[in-house]
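Geometric and topological summary
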Amino acid sequence: MGKVFKKIIVEVALVTTLLGVTACATTTANSRIGNDGDTRRVDNVVWNNQVDSDISAVLAKQVASDEARLIFVRKNDNDPEQTSANIAINNRFQVSLHAGNYTAVNSCVGTNQLSAHATGFKDNDLLAEQKDYQLAGGQTYFFYVDMDENGQGLLNQITTDSALPLLKNKRYQTHQISRVVPNCPAPVIATTPSVTLPPVVEQPAILAEKVTIDLEVLFETDKAVVRPEYYTKIAELADFMAQYPNTIATIEGHTDSRGSDSYNQVLSQHRVNAVKESLISKFDIDAERLSAIGYGETQPRASNDTVEGRQLNRRVVAVVEESVRH
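Anyway, here's the lowdown on the structure attached to this text. (Residues numbered from 1 in each chain as written. Predicted model: local features only at pLDDT ≥ 70, side-chain atom pairs only at ≥ 80, totals over all residues. Heavy atoms only, no water.)

**Quick word on the packing of aromatic side chains**
In plain terms, the rule: Working definition: a ring pair exists when centres of Phe, Tyr or Trp rings (six-membered ring for Trp) sit within 6.5 Å. Plane angles under 30 degrees give stacked, over 60 give edge-to-face, the rest tilted. Secondary structure counts use DSSP, requiring at least four H or I residues in a row for a helix and at least two E residues in a row for a strand, with both numbered from the N terminus. Burial status follows relative accessibility: with a 1.4 Å probe on protein chains alone, a residue under 20% of its type maximum counts as buried, one over 50% as exposed, and anything between as partly exposed.
Across all of its chains, the model carries four aromatic pairs by this definition. Arranged with centres 5.3 Å apart and planes meeting at 75 degrees, the rings of Tyr102 and Tyr172 form a pair that is edge-to-face. On the criterion of sequence distance, the pair formed by Tyr102 in strand 8 (residues 101–108) and Tyr172 in strand 13 (residues 171–173) is long-range, its members being 70 residues apart. Overall, the relative accessible area of 15% leaves Tyr172 in the buried class. Aromatic side chains Phe240 and Tyr244 sit 5.1 Å apart centroid to centroid with 50 degrees between the ring planes, which places their arrangement in the tilted category. Classification of Phe240 as buried rests on a relative accessible area of 10%.

As structure tokens, this is what we get:
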């Protein structure tokens with residue numbers, strides 16, 4: 001396995017040397033996708049891959065009683081970029097953690113499957129080297145992540161006292177694919193006598209940063225009709241937008257590489273149009289808050305050479321953000 005991993009790194013380095021450009025430079029050449037320093041861009045959607053952050057401010061935020069907060073930290077080292085650690089929780093990708101960074105994730109209480117696997121393997125195995133942890137509500141847990149030269153992942157739980165020195169001067173790394181935490185079981189709350197309070201005028205909730213939601217809506221071959229069994233997935237997006245009434249959403253459609261470029265682009269556009277129409281007609285989301293873009297096969301997140309990779313590439317996602325007010 002180590003030899004295969006090293007071969008991948010050598011091949012990446014050789015291509016970079018021959019072309020005389022970095023991977024970021026190659027991506028930037030595409031007018032629709034850009035990497036510039038800490039900034040990442042896809043069309044008009046822009047986010048920061050890494051930001052300076054005070055860990056004490058992160059830890060000061062209260063954790064809900066039906067959730068647990070997980071902090072993953074990685075020390076500074078000289079390992080190559082292909083040893084960035086793909087962090088997954090319960091078979092869901094969270095972030096590709098680089099050396100010298102940390103990230104925070106909220107998950108539901110109970111048993112959680114955690115995994116750290118090198119990006120360089122390019123196998124999309126989100127359960128590789130997994131460990132099971134029992135998490136209690138309202139608590140923060142710290143995990144130390146390290147990758148050896150062969151890409152072998154190390155993921156160990158550490159104490160708060162051990163974690164805080166490691167977190168000093170580390171940069172916060174945002175999630176490449178952020179996901180809304182699945183609905184956790186409601187906490188049991190003891191009943192208390194009702195008290196009549198004066199009316200309070202509530203301000204609309206504000207979404208602090210962009211959120212990308214995988215709708216997990218699957219379509220029949222060559223079809224663009226949303227089947228009723230996927231309405232619950234779309235309802236989760238509608239509920240999220242209802243919680244943040246000043247947000248807008250861009251529905252993005254992607255396909256695998258089977259079929260022609262033009263066919264895949266048209267098919268992905270028809271499919272996101274169908275999802276958009278479902279949000280409007282069935283869940284009362286204002287049409288002005290929605291846009292739909294079909295990208296076809298132009299933005300794969302996995303290899304199209306395998307069945308598993310093609311399945312990951314056939315996806316519909318929603319990018320939700322605060323509406324810019326002028």
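That shown, we press on.
**Regarding the sheet that holds strand 7 (residues 92–97)**
Put simply, the test is: When DSSP finds two or more bridges between a pair of strands, those strands are recorded as paired. Structural elements are reduced to axes, namely lines fitted to C-alpha atoms, with helices fitted over the stretch in contact, and the angle between N-to-C directions of any two is expressed from 0 to 180 degrees.
Read across the open sheet, the four strands follow the order 7-6-9-10; overall the sheet is antiparallel. Whereas interior strands pair on both sides, the edge strands pair on one side only; in this sheet they are strand 7 and strand 10 (131–135). For this sheet the average axis-to-axis angle between neighbouring strands, irrespective of direction, equals 25 degrees. Here five bridges tie strand 6 (residues 85–89) to strand 7, and the two strands are oriented antiparallel to one another. Within the sheet, the bridge partner assigned to Ala88 lies in strand 7 and is Phe93.

**Some remarks on helix 6 (residues 261–283)**
Each α-helix turn comprises 3.6 residues. Residues three or four places apart therefore point the same way. Condition: To estimate how far a helix should reach, multiply one less than its number of residues by 1.5 Å. By definition in these notes, contact holds between two residues if any of their heavy atoms fall within 4.5 Å.
Over its 23 residues, helix 6 runs 32 Å from end to end, which matches the ideal 33 Å to within 8%, given 1.5 Å per residue. Residues of helix 6 that are buried: Asn264, Leu267, Ser268, Arg271, Val272, Ala274, Val275, Ser278 and Leu279. Looking at the buried residues of helix 6, the elements they touch are helix 5 (231–243), strand 15 (247–254), strand 16 (290–294) and strand 17 (315–322). Looking one or two residues beyond helix 6, the residue adopting positive phi is Asp284, at roughly 60 degrees.

**Quick word on the pairing of strand 15**
Counting buried residues along strand 15, seven of its eight residues qualify, which places the element largely inside the surrounding structure. Pairing geometry for strand 15 and strand 17, over eight bridges, is antiparallel. The residue bridging Thr250 from the neighbouring strand is Val319, located in strand 17. Here strand 15 pairs with strand 16 via five bridges, running parallel. In the strand pairing of strand 16, Gly253 is matched with Gly294.

**Thoughts on the pairing of strand 11 (residues 140–147)**
For a regular strand, side chains alternate in direction, first toward one face of the sheet and then toward the other. Judged by how many residues are buried, strand 11 sits mostly within the fold: seven of eight residues are covered. In the sheet, strand 11 pairs with strand 12 (residues 153–158) via six bridges, with the strands oriented antiparallel. Looking across to strand 12, one finds that Met147 is bridged to Gly153.

**Side note on the nonpolar core**
Short version of the rule: What is meant by a nonpolar core is a set of buried Ala, Val, Leu, Ile, Met, Phe, Trp, Tyr and Cys residues, joined one to another through side-chain atoms within 4.5 Å.
One finds Val226, Leu237, Ile251, Val275 and Leu279 to be the most contacted residues of the largest nonpolar core, which totals 26 residues. At the level of secondary structure, the elements contributing two or more residues to this core comprise strand 14 (211–214), helix 5, strand 15, helix 6, strand 16 and strand 17. A per-element tally of this core places helix 5 first, with five residues. Every residue in contact with Val275, bar those within four places of it in the chain, is listed here: Leu215, Phe219, Val226, Ile234, Ile251 and Val316. Of all hydrophobic cores here, the second largest spans 20 residues; its members include Val105, Tyr133, Phe143 and Leu155.

**Focus: the pattern of salt bridges**
Note the threshold: Should a side-chain nitrogen of Lys or Arg be within 4 Å of a carboxyl oxygen of Asp or Glu, the pair is scored as a salt bridge.
Counted by the stated rule, this structure contains eight salt bridges. In this structure, Glu321 engages Lys210 in a salt bridge whose closest nitrogen and oxygen atoms are separated by 3.6 Å. With Glu321 in strand 17 and Lys210 in the loop between strand 13 and strand 14, the pair connects residues that are 111 residues apart, well separated along the chain. Among the salt bridges present, the one from Arg314 reaches Asp256, with a minimum N-O distance of 2.7 Å. One end of the pair, Arg314, is in the loop between helix 7 (307–313) and strand 17; the other, Asp256, is in the loop between strand 15 and helix 6, with 58 residues separating them in the sequence. Overall, Arg314 belongs to the partly exposed group, its relative accessible area being 33%. Each of Arg92, Glu216 and Lys233 takes part in a single network of salt bridges with overlapping partners.

**Quick look at the environment of Asn124**
Locating Asn124 in the fold gives a position in the loop between strand 9 (110–118) and strand 10. Asn124 sits 178 residues away from Ala302 along the chain, and the two C-alpha atoms are 7.1 Å apart. Apart from residues lying up to four places away in sequence, Asn124 is in contact with Arg301, Ala302, Ser303 and Leu312.

**Notes on the sheet that holds strand 17**
The strand order across the open sheet built from four strands is 14-17-15-16, with neighbouring strands paired in mixed fashion. Of all strands in the sheet, those with a lone pairing partner are strand 14 and strand 16, marking the two edges. For this sheet, the mean inter-axis angle between neighbouring strands, taken without regard to orientation, is 20 degrees. The strands that helix 5 touches are strand 14, strand 15, strand 16 and strand 17; relative to strand 15, the one it contacts most, it runs at about 155 degrees. Strand contacts of helix 6: strand 15, strand 16 and strand 17, with the helix running at about 160 degrees to strand 16, the strand carrying the most contacts.

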